[in-house]
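Below are the chains, spelled out letter by letter.
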Amino acid sequence: MTTVVDEAIARLTGPAEVVADLSWPGTTATVRLLCRPGGQHLVLKANSSPDCFTRELNALRH
């Protein structure tokens, strides 16, 4: 796990434990399954490709 991802998790979710790495090999996406105190599960996804990010954001909006 990279420091950048650790910092993003702390900033975006507060305290959370990384339970699993769900990233697909060979892609630009980083996907983590997180568990926050109290048992809430979250999926955090980051993508280093601006084109992929824009495409996924558009798909989620529409």
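Cut-off values and rules
- Residues numbered from 1 in each chain as written.
- Predicted model: local features only at pLDDT ≥ 70, side-chain atom pairs only at ≥ 80, totals over all residues.
- Heavy atoms only, no water.
- Pairing = 2+ DSSP bridges.
- Helix = DSSP H or I, 4+ residues; strand = E, 2+ residues; numbered from the N terminus.
- Salt bridge = Lys/Arg side-chain N within 4 Å of Asp/Glu carboxyl O.
- Buried < 20%, exposed > 50% of the residue type's maximum accessible area, 1.4 Å probe, protein only.

With that settled, the discussion passes to the pairing of strand β3 (residues 41-47). Note on strand geometry: in a regular strand, side chains alternate between the two faces of the sheet. Where strand β2 (residues 29-35) lies against β3, seven bridges are found, and the strand directions are antiparallel. The residue of β3 that forms the bridge with Arg32 is Leu44. In sequence, β2 turns back onto β3 through a hairpin of five residues, with Gly38 there showing a positive phi of about 95 degrees.

Let us now look at the pattern of salt bridges. Summed over all chains, the structure comprises two salt bridges. Two residues, Asp21 and Arg32, come together in a salt bridge whose shortest N-O distance is 2.9 Å. A residue pair is termed long-range when its members are at least 10 positions apart, and Asp21 in strand β1 (residues 17-21) and Arg32 in strand β2 qualify at eleven residues. Exposure remark for Arg32: the relative accessible area of 8% places this residue in the buried category. Across the pair Glu56 and Lys45 runs a salt bridge, and its minimum N-O distance is 3.0 Å. Of this pair, Glu56 sits in helix α2 (residues 50-61) while Lys45 sits in strand β3; the two residues are eleven residues apart in sequence, bridging distant segments of the chain. We classify Glu56 as partly exposed; its relative accessible area is 28%.

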